[in-house]
Amino acid sequence: MLAFIFRRLSTMLLTMLCLTLIVFYMINLEPNLKKLAISQLDMRTPAEQLESWLEKNGYRQNFFVRYGQWLGVVQKQPAIDPATGNAVPRFRYCNEPTEPHYGGILQGDFGCSTKFKVPVAQKLFPALGSTGILMFWVMATMVPISLLIGILAGMREGSRTDRTLSVASITTTATPEYVSGVIFSVIFASWLGWLNGSAASATNQGITFYNFTLPVMTMAIYGIGYIARMTRASMVEVMTQQYIRTARLKGLSFGSVVVKHALRNALIAPFTVIMLQFPWLLTGVVIVETMFRYQGFGFTLVEAAGNNDIDLLLGCSLVSVFVVLFTQLISDIGYAYLNPRIRVQ
Amino acid sequence: MPTETIGALAIIIGVIGRFWPVWIALAIVLTLSFTFRGRLGLYGQLFESGVGVAGVTICFFWLFTAMFAHVIAPFDPLTQVAVMKDAMPGTVVPDQGLVYYFGGDKLARDVFSRMIFGSRIVLIIAPAATAFALMVGTTLGLPAGYYGGKIDALLSFLANLVLAFPVILLFYLLVTPGIVETGLPHWIARVFFIVPIIFFGTLFFTRYKNRPQLLAVQMALIVILGGWVYLGLAFDADPLGIISIDPNQLNIFVAVVFASSPGVFRIVRGLTMDIKTRDYVAAAQTRGESPWYIMLWEILPNARGPLIVDACLRIGYTTILLGTLGYFGLGLAPESPDWGTAIKDASRLLRSFIHPALPPVVALMTFVLGLNLLADALREQSLKD
């Protein structure tokens, strides 16, 4: 088991290295650097000044040197002020030291956000915290509801309950966040006026039922159908097993057979599915946070991408890639843990 | 300000009336399919369940809507009638006598016509991109599953690499005007679009290599037709000047194919690993068939059931991806009538006007729902066999 985890962790590191290299390549393409320089200076700045700004801030160094600097294996050189010849920090608002130093991911330094004018860590981690709260509530509503729907539908295959719930869950899988968000806003915010159509106040004034229900509902609804379908399939399979028939024949009530014998075995597959749902939730987070103006990770990612904020965007991709790979690992380990047959092999 | 409006009932009747070519086409196709369902194989079996009929009907509805869009839509999707800005549903356009059935949007365009023309964009890009993703995924998934070992390790690593990318980040990096300038989408397109040519080339070569005359005809057809489309799409250098694609649309197309190929790869690889242990594969190996013949003519046809189901789901998923692109304003032109862009524009003004938001939302939802129902019915049918 340890060897397995070790192997997975090393693959994970290699994947992260490759992916950050690709992201690094894409955001350092010429048009993107131009966009960055323009956003930092002015729309009407002449081309030579843009070029000299890029030159001055070290964006014209060799690609691999810069990637190494970001990683923390190559020394970062301070910018030299051409007038005085003294070393000056590249971005004043980030307190960069003026002597050559190693400052990258390996040293725990995520770099400097050019859009928000703060160190990336100061922006990224509070945003992740806000998204964590959103995710928690989404999971807390999505998982129980979808498991319940799946179990009720799969308990008696082909019954009217089964067909109704199945069509309902197919419908929710056809409703991406930007569709359900609009529908819910129209119903609950515009017509009924029960809920707030924006979660912007949640960041400063705290979460209330009034401002937080719509984002949570919108995000949960898309996942519910999928997890419920998986739970149903696995429940249907378990219900046809011999030991269920035996339990029924020895006189146990239907309810207690479902709860005591079927449930535990039926929940192995949904566990994996819920874990693998995280990458998709990440996209959902971006849509929902943009739609309801909630300042979390997704909001930060959109801002970073829109302004080509190199360090922030790299930080965001590192975090999201980590989340995806880590949940995959957890799902594999958890699967082996829940299913003894896999463990023996 | 135009004050003349028609009532809710008149709107409903008017909208149903505008769809007349769709109703006629639907009636013909469904009646024919239902009459001959016994002879239509898997497609005919769909008519045995309510879910299947619903799925087929919805999918055909949108297909015919896209085909007859210019007949159904009363207005051009980009034309602005200044007085109709934010008009309520059912407002009559002065001087023309035509009606804005679902009202006007903030740029005074007809919401109904935009929804109808939006279906064209979705119904062209989504199935085409899915077809390409299927071919790319299959061409790579078959050898990965069949040979295993190093090829599998390498290809799986690459697929997982793309899968580990959150889709939205991938789109933000890949679908920008800046990227189009660098020519990167064209390079990716050159790699992707050659795959179908290789796929069909190998497909016919492995089967007919002992019949050189037939093979020569097939190869010539593939190279000429495929090469023509390839030159037009990937190099924008069609010698006849018929086939060309807008660089932005190519960019979207490439991004969507790129995002969904690894999923197909994983499914095909899994199916291949399962099927290659069967007796008929062993028989073919003993006969001395080449590996690619076994993969393409023994394994692939037997994997078609799950692949058809997956293709249906994937078209729906691609539609959702296209909507996401539109929602974030990536790739498609700002005035494009596609559903995602329309939802983006309308959702910002939801506090004041809700009517421009609902038609594209309902359209996207029903289309994806139709595909999902279709996939569900197909899965039920293939489980019965």
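Since we're looking at a predicted model, the values are computed, not measured.

Undergrad: I would appreciate a short explanation of the domain arrangement of chain A in the present structure.
TA: How big an interface is tends to be stated in terms of the accessible area lost upon association of its parts. Residues and elements named next belong to chain A. Segmenting chain A into domains produces domain 1 (2-109) and domain 2 (121-344). Contact residues are listed per partner, giving 22 residues for domain 1 and 18 residues for domain 2. Buried surface at the junction of domain 1 and domain 2, summed over both partners, amounts to about 1800 Å²; 77% is from carbon and sulfur atoms. When the buried area of domain 1 at its contact with domain 2 is split by residue, R8, M12 and I27 rank highest and sum to 30% of it. Counting every contact that joins domain 1 to domain 2 gives 0 salt bridges. Connecting domain 1 to domain 2 are 0 residue pairs in polar contact (both at pLDDT 80 or more). Counting residues per element, the ones that place at least two in the side of domain 1 that touches domain 2 are α1 (2-27), α2 (30-40) and α4 (63-71). If you tally residues by element for the side of domain 1 that touches domain 2, the top one is α1, at 12 residues. A class-by-class count of the residues in the side of domain 1 that touches domain 2 yields 14 nonpolar, 5 polar and 3 charged.

Undergrad: How should I be thinking about the pattern of salt bridges in this particular structure?
TA: Side-chain pairs of opposite charge can arise where the charged atoms are in close proximity. With the rule as written, the count across this model stands at 11 salt bridges over all chains. Between E30(A) and K34(A) there is a salt bridge, with its nearest N and O atoms 3.9 Å apart. Of this pair, E30(A) and K34(A) are both found in helix α2, 4 residues apart, which corresponds to roughly one turn of the helix. A relative accessible area of 34% places E30(A) in the partly exposed class. On the basis of relative accessible area, K34(A) is assigned to the partly exposed category, the value being 42%. A salt bridge links D376(B) to R379(B), with the nearest nitrogen and oxygen atoms 3.5 Å apart. Within this pair, D376(B) and its partner R379(B) are both found in helix α17 (residues 358-384), separated by 3 residues, close to a single helical turn. Taken together, the shared-partner salt bridges in this structure form one network comprising R229(A), D376(B) and R379(B).

Undergrad: I'm lost on the packing of aromatic side chains in this one. Help?
TA: Geometry of an aromatic ring pair is reported as the spacing of the ring centres plus the angle between the planes. Residues and elements named next belong to chain B. Enumeration over the complete set of coordinates arrives at 32 aromatic pairs over all chains. Between the aromatic rings of F75 and Y100, the centroid separation amounts to 4.9 Å while the plane-to-plane angle is 80°, which identifies the pairing as edge-to-face. In this pair, F75 sits in the loop between α5 (69-72) and β1 (91-92) while Y100 sits in strand β2 (residues 99-100), placing the two residues 25 residues apart along the sequence. Of the two residues examined, F75 and Y100, each falls in the buried class. Consider the rings of F192 and F258, whose centres lie 6.1 Å apart with planes at 50°: the pair is tilted. Here F192, found in helix α10 (residues 184-208), pairs with F258, found in helix α12 (residues 247-275); they are 66 residues apart in sequence, far enough to count as distant.

Undergrad: Sorry, what's going on with the interface of chain B and chain A here?
TA: Every contact between the two is made by 40 residues of chain B and, on the other side, 47 residues of chain A. Here chain B and chain A share an interface that buries about 3800 Å² over both sides, 80% of which is from carbon and sulfur atoms. The largest share of the area that chain B buries against chain A comes from L173(B), Y327(B) and M365(B), three residues that together contribute 13% of it. At the boundary of chain B with chain A, the tally comes to 4 residue pairs in polar contact (both at pLDDT 80 or more). Elements with a minimum of two residues in the side of chain B that touches chain A: α7 (149-164), α8 (167-174), α9 (177-182), α15 (304-327), α16 (339-347) and α17 of chain B. If you tally residues by element for the side of chain B that touches chain A, the top one is α17(B), at 10 residues. A per-class count over the side of chain B that touches chain A returns 29 nonpolar, 7 polar and 4 charged.

The rules behind the values
Residues numbered from 1 in each chain as written. Chains lettered and ligands numbered in written order. Predicted model: local features only at pLDDT ≥ 70, side-chain atom pairs only at ≥ 80, totals over all residues. Heavy atoms only, no water. Domains from an automatic or database assignment. Contact = heavy atoms within 4.5 Å. Buried area = accessible area lost by both parts, 1.4 Å probe. Salt bridge = Lys/Arg side-chain N within 4 Å of Asp/Glu carboxyl O. Polar contact = N/O pair within 3.5 Å; in protein donor to acceptor, adjacent residues only side chain to side chain. Helix = DSSP H or I, 4+ residues; strand = E, 2+ residues; numbered from the N terminus. Nonpolar A, V, L, I, M, F, W, Y, C, P; charged D, E, K, R; others polar. Buried < 20%, exposed > 50% of the residue type's maximum accessible area, 1.4 Å probe, protein only. Phe/Tyr/Trp six-rings, centres within 6.5 Å; stacked < 30°, edge-to-face > 60°.

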